[in-house]
Amino acid sequence: MLPEEEHLSACLLPDKMAARFVVPVGGDAAEFLHTTLSPNAVPFTPHASDSMDPGVHFARCSSKLRSLRGDSVNLKEELNLLFDQFISENYYQTISPSINFRPEDVCILLRHACALVPQSNEHLVIKFCQLVHHLLNQLKVIVDEPTLHALVSYIVRALSVCSKWTHAEVLLALSTVLYGNGPQCQKHLHGLLGEQGLLLLYSAPSQPDLELRRVALSCMTNICLGIPGQLSVEDKYRNQCYGIFLKALQAPKPHSCDELLYSAVIQGALKGLHCCLSGVKWRFGGGEEVGALLATLKRLMFQGTPGLSVEWPSVLYAAPLPQYEGPSTPKPPEPPKEAATPGKASTNKKKKTRGKGKKAEVNRGDEGAEEERETMVPLLPKGGGGGGGAAGGGESSTKPPTASLYPAWKRTSSDSEFSDLEGSAQCKLRLYHGRVRQSALHCLLAVVRGVDKRMLYGYWSSFIPDAPMAGPPPLTLLSIVLKDPSPKVRACALQVLSAMLDGSRQFLGVAEDTATPRPSFTPFSLSLAATVRELHRCLTLALLAETSAQTLTQVIKCLAYLVSNAPYQRLRPGLLSPLWRHLRPYVRHRDVNVRVSALTLYGAMVTAQAPLPEVQLLLRQPEGSGGGGSGAGTPQDAALSWRHRDGLSSPSKTPGSHGRSPRLRTPAEQEGAEPGSPWLLELCIQLVTETRDEQSDSEAGGTGAAVASEPSPVRLEALQVLAHLVRGYFCLAQVCMSELGQVSARCLQESDPSVQLHGTKLLDELGTGIIQQNRPESTVPLPARLPMSQVVEFWTEVLRGPLNGALQSEHHPTLQTSACDALSSILPLAFTQLEDKIQMMCITVLLGLTYSENSLVKAAAVRALGVYILFPSLREDVMFVADTANTILMALEDKSPNVRAKAAWSLGNLTDTLIVNMESVGTDFQEELSDMLLLKMLQSATRASADKDRVKCNSVRALGNLLHFLRYGQLTRSVFQRPLEEAVRVLVQTVQSEATMKVRWNACYALGNAFRNPALPLDSAPWSSDAFSSLCSVVTSCKNFKVRIKSAAALSVPARRGCYGDVERFIRVWHSLATALENSEETHDFLEYRYCASLRETLLQALMHLLSLSQWEDMPALGAALAGDEGVAIRGHLLRYLRGEGGDRGTAGEGESGTESLSVLQRTEALQQTLAGLRELQVEGEAEGVRRERESGRERVVDYLEDLLKSSAELELALSASAGPSL
């Protein structure tokens, strides 16, 4: 019997066995108060007036102990008495909140006591070890390094000197001392964990004393325990501990051992394994290391499951070598054996909790005293229907129901109450087995989080079933979720499953079952789709059968992870409909966490690949249709309608009312309601806005202020669901546009900043939905769109409401930021129709917020101005453009990278506006804009191009626009010469740099945009050669095809032959484009192949453009190129280009080239015009030899192009003839 159990047994004596206790009440140990324990005695409380304060008691006893010396008279008796007084006092801070001990005082005390206690007196050694464990465990003290070394050295010597019967208590003290001090005891680790180390000897599987094994494993656990902010133990010792823990778990159970103690050993090894896996990023070796660990954990996940007899594999193999465990010959169910002999039955009695708060960390001492209270769920036919056993354990289907994983002894009592003497041992054994299963799942969760997900996908089949089978079902996580008797174990299994599903979208995206299956084989996509369906089926069963609120929350969260990652567009519809109906009652569950998680799941369903046709249909259905009472038969009915118990109706009088909102609409109201109003939207609006009158305590019928019926987490989650609905299904949500605006306004009027923030985010989503609906590429028909008058009315009410107050809420910068985002989501056409004073208010507020001291607010305001500058009603206003430009230039110098990034984006939009105005308004707008402002913009954009990539990508875009916008009179001014050269040099360097591909793409686009300015001196400027050289280098060598496409498009921009410079530069551009065309299919990245067709078309258009601009002096070089190997290499591409066989750009390459795709007729006509222009070339005043050379070159070029046209025509005729006459 452990010392704590002896003490507890004494406290549990029957009342008739009255005893006399001596209780110290004063500082003098000789003063005692004699009291008789009787049924009429006043209950003892540790803080009664006759009890000394624990802090005073500790100080007095500590002072006495420190005053002792090694040569003191009666040293042993005094030490023994002081140790007893220390150990008898309760120092838990949860019991005595006023206790405030200094850790250094405890360390000094223990070091002094360590020097006083002789190791020859085993009785005192035991008392001292109990004192160490008692003080450090209750006071939560981690000893300093001197105390650590002194105590560890003393304990190690005691283990070698004292008898074996003392070793358990000594090791328990060592475990407490080592807690959180693994890295600090490096000089002791070799003696503890090295070859022939003490802990290795005590923790070896050959150690016959299980209690010593358990405590030794606890010591190793505390060595490996990671403390946040501190170094971890060396990898070699951690790896050694990991191997010892794994061996302890894999070792067979010793014969005739105590089952409870063996379970405690397994649980200790699992805790140590969890510390190894979760402390640092674990690196698994090759071979079967991961498979062996997973096989061990899977076996322990089912530890102590009644009626289960399975041949467990020693290693799990990843696909395509799956290894499934199969059930052995079914054995008749045996009643659980007693954990110990009758003589030891009393020692297994679970101790009552003392109410003394326990540590939240890993227990540093005896884990047998830990308590756990589990609510047993009633016996339910989980898995109902024909496939009820598919998600069960590995038992044979021929076994009787009582031998299933849902055993007959599962009842509504608590595992932790052992009042029945006959069943206490069995109950305690079940509790210990449940702890083992829970610890195994904790370790599995650490593995799932620590192992690369791509490696883990191969083991999914061992933990997640793919489809119901006719034979015995496999043992998986879903078996535990559906059948384990402990709600905590079920919750752990759901956490593991959630971690596996989290981030699995790419893996599950392969699943597909819409196609007709082939009978010859089952493709992997179909098997994965069956896994998704089985997960839906089993988790829905768990949703209906679960009674524990905490576990029910985990079930719904796990379903949310599944819904967020499953590819429903590739699966047959029908998976979400049952889940949608079954989930409705839980929105009114009595537990707040269940209600919040139910709304989270609804949010996941309306965001999964939105818009899904199945979800659209579900949203359109009335609240009571399609099984509105589908949840009426669930075991949670008594808890679902909790809110109605205080009203006029009750669940018994109003059947099915638990699945509806408190205020039900009458049939007449439903007929008068707007068609297509989603019931989920109405429910969320009701959850957010529903209020109740708070009753006054002073007057029985008095009514206080109206407060929200739902707690804040439910309201916030409902607002998030509303935002998801608006984002994914705006066409359905727009019928409640006015109500949604009122909800947002009401949220902004509340005092809770979180509610205000979600209200502004809902406004942002509403505005974004209106903008998306009115885009030119929108597929929504005009009659189905929200009328413009309603949009204007909506924004008028919003901007006249409390949004202005949110914009000026300086104490809540996050709210201001979200309000700026909402203000930037106004439809441009609707903004034009707003009242002038409202427009002016929006602009004034945004310009003012750019001076905010908060970087988030300033960034949001600058971004909103970047949106407003694109509005048709504002972009032609020179004053607004100038004010916005100055504001953006100021923000570009801000110290916050986020502000600079938003300012660069807004500057890019502003310069886009300059180009639009130049093309629409003409030179009038250019002349009205200040030259000095343009110069400042050019210089600021050049400086910003040296910033981080997120700033650089938009600053180079702005540079290209500015170089395109500048007029000839500005470019010739001396003040613009140097900034112009620096701007082009920055673009050239960015094109050739190792920046991100987005930055280089924008730089290529900027150079092409600059080339469109006819006033730029491309033929004579010194920087022109560098610009063309950089583009030629990128078009042939860049690994990213999108960058090569944009560089080829930039090379085809100049409209005059003189822009390309001399013949040498012109031919260099030609060779670069031809080389890029030859290598257009060479790439090391498979994803780049989707841009091959677009790249080839852009390169061919650029080559044809060069041919159309070529002059007499270019003919020798062009003729030599086309007559040689280069002409042969590109001939096939040119022929396919003329015939339209270059391949469709598709969605991947669409819009990447920046050039317009021409039809076959247009391509042929363009080539014919080029050919005619070449024939008409004339030259005068040239020497005879030069003229003859150029004439010969022109003939080669003309012959090449004529042969190209001839071959194209012949192929067309051949194809027409082979097709034959139509019937």
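Residues numbered from 1 in each chain as written. Predicted model: local features only at pLDDT ≥ 70, side-chain atom pairs only at ≥ 80, totals over all residues. Heavy atoms only, no water.

K.L.:
Honestly, the overall build of the protein in this entry has me stumped. Any pointers?
P.N.:
From N to C terminus, the protein includes 55 helices and 4 strands. Within the protein, buried positions represent 53% of all 1223 residues. In the protein, the share of contacts with a sequence separation of at least 24, taken over all contacts with a separation of at least 6, comes to 75%. Carbon and sulfur atoms provide 53% of the accessible area of the protein, an area that totals close to 54,900 Å². (Helix = DSSP H or I, 4+ residues; strand = E, 2+ residues; numbered from the N terminus. Buried < 20%, exposed > 50% of the residue type's maximum accessible area, 1.4 Å probe, protein only. Contact = heavy atoms within 4.5 Å. Areas by Shrake-Rupley, 256 points an atom, 1.4 Å probe, with all protein chains shown as cover.)

K.L.:
Would you take a moment to explain the nonpolar core for this structure?
P.N.:
Where a protein is soluble and globular, its nonpolar side chains tend to be buried together. Leu 680 and Tyr 868 are the most contacted members of the largest nonpolar core, which totals 350 residues. Here the element with the most residues in this core is helix α50 (residues 1092-1109); it accounts for 10 residues. In this structure, Leu 680 is in contact with Trp 580, Tyr 602, Val 606, Leu 619, Val 721 and Leu 725, ignoring residues within four places of it in sequence. (Core = buried A, V, L, I, M, F, W, Y, C linked by side-chain atoms within 4.5 Å.)

K.L.:
Would you take a moment to explain the packing of aromatic side chains for this structure?
P.N.:
Within a pair of aromatic rings, the relevant descriptors are the distance that separates the centres and the angle that separates the planes. A complete count under the given rule lists 19 aromatic pairs for this structure. Taken together, a centroid distance of 5.8 Å and an interplanar angle of 75 degrees make the contact between Tyr 457 and Trp 460 edge-to-face. With a relative accessible area of 16%, Tyr 457 lands in the buried category. Using a relative accessible area of 4% as the deciding quantity, one classes Trp 460 as buried. Each ring, one from Trp 580 and one from Trp 679, has its centre 5.9 Å from the other, and the planes form 90 degrees; the classification is edge-to-face. Of this pair, Trp 580 sits in helix α22 (residues 576-583) while Trp 679 sits in helix α27 (residues 679-689), and the two are 99 residues apart along the sequence. (Phe/Tyr/Trp six-rings, centres within 6.5 Å; stacked < 30°, edge-to-face > 60°.)

K.L.:
Explain helix α45 (residues 974-992) here, please?
P.N.:
In an α-helix, one turn spans 3.6 residues, which is why side chains three or four residues apart end up on the same side. Taking 1.5 Å of rise per residue, 19 residues should cover 27 Å, and α45 covers 28 Å from first to last C-alpha, within 8% of that figure. Among all positions in α45, only Phe 976, Pro 979, Leu 980, Ala 983, Val 984, Val 986, Leu 987, Val 988, Thr 990 and Val 991 are buried. (Expected span 1.5 Å × (residues − 1).)

K.L.:
Mind showing me how you'd approach the environment of Val 984 here?
P.N.:
Within the secondary structure, Val 984 is located in helix α45. In this structure the C-alpha to C-alpha distance between Val 984 and Asp 1026, which are 42 residues apart in sequence, comes to 9.0 Å. Among residues more than four places away in sequence, those in contact with Val 984 are Leu 963 and Trp 1023.

K.L.:
Any chance you could explain helix α2 (residues 54-67) here in plain terms?
P.N.:
The first and last C-alpha atoms of α2 sit 20 Å apart over 14 residues, in line with the 20 Å expected at 1.5 Å per residue. Taken together, the buried positions of α2 are occupied by Pro 54, His 57, Phe 58, Cys 61, Ser 62 and Leu 65. Relative to the axis of α2, the buried residues are bounded by an arc of 120 degrees and lie together on one face. At its buried positions, α2 is contacted by α3 (75-88), α4 (103-116) and α5 (122-139). (Arc of directions from axis to C-beta.)

K.L.:
When you look at the confidence of the model for the protein in this model, what are you seeing that I'm missing?
P.N.:
The predicted coordinates ought not to be read in detail in places where the model reports low pLDDT. Mean pLDDT over the protein stands at 79; residues scoring 70 or higher make up 77%. Taken as a whole, residues 626-674 scores under 50 in pLDDT and shows 76 contacts with residues more than four places along the chain or in a different chain. Low pLDDT, under 50, characterises residues 1144-1151; the stretch is placed with 16 contacts to residues that sit more than four places away or in other chains. (pLDDT = per-residue confidence, 0-100.)

K.L.:
How do you make sense of unusual backbone geometry when you look at a structure like this?
P.N.:
Across residues other than glycine, the phi torsion is negative in most instances, and most of the peptide bonds are trans. For the bond from Ala 610 to Pro 611, the omega torsion is 0 degrees, close enough to zero to count as cis. Along the chain, Pro 611 falls in the loop between α23 (592-607) and α24 (613-620). Phi at Gln 196 takes a positive value of approximately 60 degrees, unusual for a residue other than glycine. Tracing the backbone shows Gln 196 in the loop between α8 (186-193) and α9 (198-203). Since its relative accessible area comes to 61%, Gln 196 is described here as exposed. Of note in this structure, Gln 609 is not a glycine but carries a positive phi near 45 degrees. The class for Gln 609 is partly exposed, based on a relative accessible area of 22%.

K.L.:
Any chance you could explain the environment of Gln 569 here in plain terms?
P.N.:
In this fold, Gln 569 is placed in the loop between α21 (549-565) and α22. Measuring from C-alpha to C-alpha, the distance between Gln 569 and Ala 608 comes to 9.2 Å, with 39 residues separating the pair along the chain. Leave out the neighbours within four places in its chain, and Gln 569 touches Gln 609 and Leu 612. Among the polar contacts listed, one links the side chain of Gln 569 to the backbone oxygen of Gln 609, at a separation of 3.5 Å. (Polar contact = N/O pair within 3.5 Å; in protein donor to acceptor, adjacent residues only side chain to side chain.)

K.L.:
Sorry if this is basic, but what is going on with the packing of helix α40 (residues 897-920) against helix α43 (residues 949-965) here?
P.N.:
Between two packed helices, what matters for the description is the angle formed by their axes and the separation of those axes. At a minimum axis separation of 8 Å, α40 and α43 run at an interaxial angle of 20 degrees. The angle between α40 and α43 places the two elements in the roughly parallel class. In this structure, the crossing between α40 and α43 has a hand that is left-handed. Counted by class, the contact of α40 with α43 contains 12 nonpolar, 8 polar and 4 charged residues. (Axes fitted to C-alpha atoms, helices over the stretch in contact; angles between N-to-C directions. Parallel < 35°, antiparallel > 145°, perpendicular 65-115°, else oblique. Left-handed = near helix turned anticlockwise from the far one by under 90°. Nonpolar A, V, L, I, M, F, W, Y, C, P; charged D, E, K, R; others polar.)

K.L.:
Sorry, what's going on with the pattern of salt bridges here?
P.N.:
Note that side chains of opposite charge can pair when their charged atoms are close. Within the structure shown, the criterion is met by 32 salt bridges. For the salt bridge of Arg 102 with Asp 105, the shortest nitrogen-to-oxygen distance reads 2.9 Å. The shortest N-O distance in the salt bridge between Asp 1203 and Arg 1131 comes to 2.7 Å. Placement of the pair is Asp 1203 in helix α55 (residues 1184-1219) and Arg 1131 in helix α52 (residues 1125-1138), with a sequence separation of 72 residues. Taking the relative accessible area as the measure of exposure, Arg 1131 reaches 27% and is therefore partly exposed. (Salt bridge = Lys/Arg side-chain N within 4 Å of Asp/Glu carboxyl O.)

K.L.:
Which parts of the structure should I look at to understand the side chain of Thr 531?
P.N.:
Mapped onto the elements of the fold, Thr 531 is located in helix α20 (residues 524-545). With residues near it in sequence (within four places) discarded, Thr 531 still touches Ile 464, Pro 465 and Asp 466.

K.L.:
Would you take a moment to explain the packing of α4 against α5 for this structure?
P.N.:
Running from amino to carboxyl end, α4 crosses α5 at an angle of 175 degrees, the nearest separation of the two axes being 11 Å. When the axes of α4 and α5 are compared, the pair comes out roughly antiparallel. In contact with Val 106, Leu 109, Leu 110, Ala 113 and Cys 114 of α4, α5 contributes Phe 128, Leu 131, Val 132, Leu 135, Leu 136 and Leu 139.

K.L.:
Looking at this structure, how should I read the side chain of His 536?
P.N.:
Turning to its location among the elements, His 536 is positioned in helix α20. The class for His 536 is buried, based on a relative accessible area of 3%. Excluding residues that lie within four positions of it along the chain, His 536 makes contacts with Leu 562, Val 563, Tyr 568, Leu 575, Leu 576 and Leu 579.

K.L.:
Explanation requested: the state of the cysteines in the structure shown.
P.N.:
Disulfide: a covalent bond connecting the sulfur atoms of a pair of cysteines. Taken as a whole, this structure holds 0 disulfides when the rule is applied. We note that Cys 443 lacks a disulfide partner, and the nearest cysteine sulfur, in Cys 275, lies 8.7 Å from it. (Disulfide = S-S within 2.5 Å.)

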